Amino acid sequence: MTSKRDIIIGIDLGTTNSLVAWSGPAGPEVIDDGDGPMLPSVVAYADAGGVERIGAPARAHAIENPTNTVYSIKRLIGQSFDDLAEELGRLPYPVERRSGEDGRDMPVVRIGAKRITPQEVSAVILGELRERASRHFGETVNRAVITVPAYFDDAQRQATRDAGAIAGLEVVRIINEPTAAALAYGLDRNKHATVAVYDLGGGTFDVTILRLSGEVFEVLSTAGDTHLGGDDFDRTIMDLAAREIAEQFKLRIESPATQQALRTFAENVKIALSNQDSAALEIDLGEGRTYQRELTVAEFEALIAPYVERTLASCRTALRDARLQPADIDQVVMVGGSTRVPAVRRRVGELFGRAPYTALDPDQVVALGAAIQASVLAGERRDLLLLDVTPLSLGIETMGGAMGKLIMKNTKMPCQATETFTTFQDGQTAVKINVLQGERELARDCRSLGVFNLTGIPPMPAGMPKVDVTFLIDQNGILNVSAKEQRSGAVAAIQIVPAHGLTPDEVKRMTAESIAHAADDMQAHRLIDLRNQVAFDTNKAEQMLERFGEQIDDALRDRIAGELTALRTFADETTDNDELARRLKTFDELTVPLAEAGISSGLREPAQPQGRR
Ligand code: AMP
């Protein structure tokens, strides 16, 4: 056991939001204070210069208190005043020049009569994160790894270190944000790889090409735009609404408070469009007037296309500077909240010719990587899971709560498996896919890694649709699960890091439990399969009775109807698998004449069981 005093935290000190993480026995995790994992990088000062609010409360009061609310301080830290001419025009708080000893004039924020350096403002944020971590561990945390953009120069890195020191932290290392993101995905396990890290946040964009050789990540090139991000996406929606409101109602939205409300609304619509095909825009304009329209994903994608294309142009610049072609990139890692926009993922995937890594929360990936680096520096990095083989089996939940394994424990990676499943109900147009990990036979005894829905299946009789579920684990242990319905071509997918949150001890425990419960589990799995078969066969028989019952003899028809109900009841109540199998067989034999009547009437339906085909 390591003493808590040895803990080194990982901090992502962001332009808009900051996070603190640590790497415990189950791998890295972000420390959440109950208000969510992200601390807005905003500090509100009182007129006298004292800190009044930090984080979300500071941001919430920014409109009322614009000149005393300091945000985006990362844009100023370590820069000379002269470098900032353009930047300062965008900030609502006053920034002044202070002459530096080395002839470089520094920016300072003026709050009342006080002058506050960017390092001091950043220190307030770092101090808050440090306190958050200290509360989490119940004792003071003193050491941290802090991330900075790859393009930060020495002065900016040094200023970030100084901010840490002001916050009472020993900054054991400053690491590049893209390197941290690559570490979070375990890409350091590759001996040689070239990685592109695409980071699109709220207000900044950068792309970095890293080369990993041995254990060192080298920055080959970096490009970007310090004023491009999700805020621009929000603005396209705001502008659309403002334009249409002006046309329809001859109204202009001018007050800062209404503009802010509209901005928040636009952001929510944008976020909704990451998961649905359209979202309602509805704005109450007072005096009984309401602006209303539906915004589709296609319209939204057209609005943001110029911004997305600008990020791709930066990617091409970074590739050119590194003297590489898209095909030379082995992995693409997505960072920043705006990479949740499906069009962004799609376009980046198209440019590099490979699906980007999105399995980890794009807001947390840098902090998680910082925590991993911190644990390495603390000498704590436990034996990572053996990653050239899958530590536990992977599969999906099938009908009735069974675990259908697609990839067995100890399969060498990379690996791939596909199985075809079908629907259970007539006219079923969607299936929920629950991705499971574990050795047990029942879904409830396995660990759920993620759930996604395949929609858009054309209505067909139960058992007809063919849904191919593919598990693909690449050499880095990232699992891509995709589902495709053959007839309609409907597809859905999810990406997961299966090793996340699992310690070698947990793998051992899960394996041992499966051995201890093997016999019971097999029984339970067989019971589920039999019950599914009973449900399927009795449903089919019921339908056939309705359609072709007239064509068989009355006594047989009544007998089938009676047995059908009896078998269903028995299946619900029994745990005797052998008896249930026997009764099912008898029932199936009894219904043969009915099936024949159906066939001679020209009906061709597969007598496949639900679940696996
Ligand atoms: P970051 O600076 O990395 O925290 O990213 C913040 C940006 O991500 C903001 O513009 C958010 O509106 C945006 N964002 C967060 N979640 C989503 C989402 N689900 N879909 C689209 N944008 C999102």
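Our structure's up above, just so we're on the same page.
Bear in mind the structure is a predicted one, so any value in this text is a computation, not a measurement.

**Remarks on the packing of aromatic side chains**
Inference 1: Under the defined criterion, the tally for this structure stands at six aromatic pairs.
Inference 2: Centroid distance Tyr71 to Tyr93: 6.0 Å. Interplanar angle 85°. Geometry classified as edge-to-face. Here the residue Tyr71 occupies a position in strand S7 (residues 69–71), and Tyr93 occupies one in the loop between helix H2 (85–88) and strand S8 (95–98), the gap between them amounting to 22 residues.
Inference 3: Here the guanidinium or amino end of Arg583 rests over the ring plane of Phe570, the centre of that ring lying 3.9 Å away.

**With respect to the site of the ligand**
Inference 1: Taken together, 15 residues are adjacent to the ligand, and Glu267, Lys270, Ser274, Gly337 and Arg340 come closest.
Inference 2: A distance of 3.4 Å is found between an oxygen atom of the ligand and a side-chain nitrogen or oxygen belonging to Asn17.
Inference 3: Relative to its unbound accessible area of 500 Å², the ligand is 85% covered by the protein chains.
Inference 4: Here the residues of the shell around the ligand are counted per class, giving two nonpolar, eight polar and five charged.
Inference 5: Of the residues that make up the shell around the ligand, three or more belong to each of domain 1 (8–228 + 304–388) and domain 2 (230–303).

**Re empty space enclosed by the protein**
Inference 1: Tallying each qualifying case throughout the model produces four cavities of 30 Å³ or more.
Inference 2: Space inside the largest cavity adds up to approximately 60 Å³.
Inference 3: Lining of the largest cavity is provided by 10 residues; of these, Thr390, Pro391, Met413, Gly477 and Pro498 occupy positions nearest its centre.
Inference 4: Computed from the structure, the second largest cavity encloses a volume of approximately 40 Å³.
Inference 5: If you go around the second largest cavity, the residues you meet are Ile7, Ile8, Trp22, Ser23, Ala371, Ala374, Ser375, Ala378 and Glu380.
Inference 6: Secondary structure elements with two or more residues in the lining of the second largest cavity: strand S2 (17–24) and helix H10 (365–377).
Inference 7: Here the lining of the second largest cavity takes three residues from H10, the largest share from any one element.
Inference 8: Within the lining of the second largest cavity, the residues separate by chemical class into six nonpolar, two polar and one charged.

**With respect to the nonpolar core**
Inference 1: Core analysis: the biggest nonpolar cluster contains 44 residues, and Val344 and Phe352 have the highest contact counts within it.
Inference 2: Looking at this core element by element, the count peaks at eight residues for helix H8 (residues 297–321).
Inference 3: Three or more residues apiece are contributed to this core by two domains, here domain 1 (8–228 + 304–388) and domain 2 (230–303).
Inference 4: With residues near it in sequence (within four places) discarded, Phe352 still touches Ala196, Cys315, Leu319, Pro326, Ile329 and Val332.

**A look at the pairing of strand S12 (residues 170–176)**
Inference 1: When strand S11 (residues 143–148) meets S12, the two strands line up parallel, connected through six bridges. Each bridged residue has a counterpart across the sheet, and for Arg143 the counterpart in S12 is Glu170.
Inference 2: Running through helix H4 (residues 154–166), the crossover from S11 to the neighbouring parallel element S12 is right-handed.

**A look at the pattern of salt bridges**
Inference 1: On inspection of all chains with the given rule, the structure shows 36 salt bridges.
Inference 2: Between Asp225 and Arg310 there is a salt bridge, with its nearest N and O atoms 2.7 Å apart. Residue Asp225 is found in strand S15 (residues 216–225), and its partner Arg310 is found in helix H8; the two are separated by 85 residues along the sequence.
Inference 3: The class for Asp225 is partly exposed, based on a relative accessible area of 21%.
Inference 4: When its relative accessible area of 39% is taken as the criterion, Arg310 is described as partly exposed.

**Some remarks on the side chain of Glu87**
Inference 1: Relative to the elements of secondary structure, Glu87 occurs in helix H2.
Inference 2: A relative accessible area of 12% means that Glu87 is categorised as buried.
Inference 3: Excluding residues that lie within four positions of it along the chain, Glu87 makes contacts with Arg75, Leu76 and His227.

Calculation criteria
- Residues numbered from 1 in each chain as written.
- Predicted model: local features only at pLDDT ≥ 70, side-chain atom pairs only at ≥ 80, totals over all residues.
- Heavy atoms only, no water.
- Phe/Tyr/Trp six-rings, centres within 6.5 Å; stacked < 30°, edge-to-face > 60°.
- Helix = DSSP H or I, 4+ residues; strand = E, 2+ residues; numbered from the N terminus.
- Lys NZ or Arg CZ within 6 Å of the ring centre and 35° of its normal.
- Near = heavy atom within 4 Å.
- Polar contact = N/O pair within 3.5 Å; in protein donor to acceptor, adjacent residues only side chain to side chain.
- Areas by Shrake-Rupley, 256 points an atom, 1.4 Å probe, with all protein chains shown as cover.
- Nonpolar A, V, L, I, M, F, W, Y, C, P; charged D, E, K, R; others polar.
- Domains from an automatic or database assignment.
- 1 Å grid on protein atoms, 1.4 Å probe; cavity = no way out; pocket = protein on both sides within 12 Å on 5 of 7 lines; lining within 4 Å.
- Points joined across faces, edges and corners; volume = space filled by probe spheres on them.
- Core = buried A, V, L, I, M, F, W, Y, C linked by side-chain atoms within 4.5 Å.
- Buried < 20%, exposed > 50% of the residue type's maximum accessible area, 1.4 Å probe, protein only.
- Contact = heavy atoms within 4.5 Å.
- Pairing = 2+ DSSP bridges.
- Right-handed = clockwise from strand over helix to strand, strands pointing away.
- Salt bridge = Lys/Arg side-chain N within 4 Å of Asp/Glu carboxyl O.

Taken by themselves, the reported measurements are silent on function.
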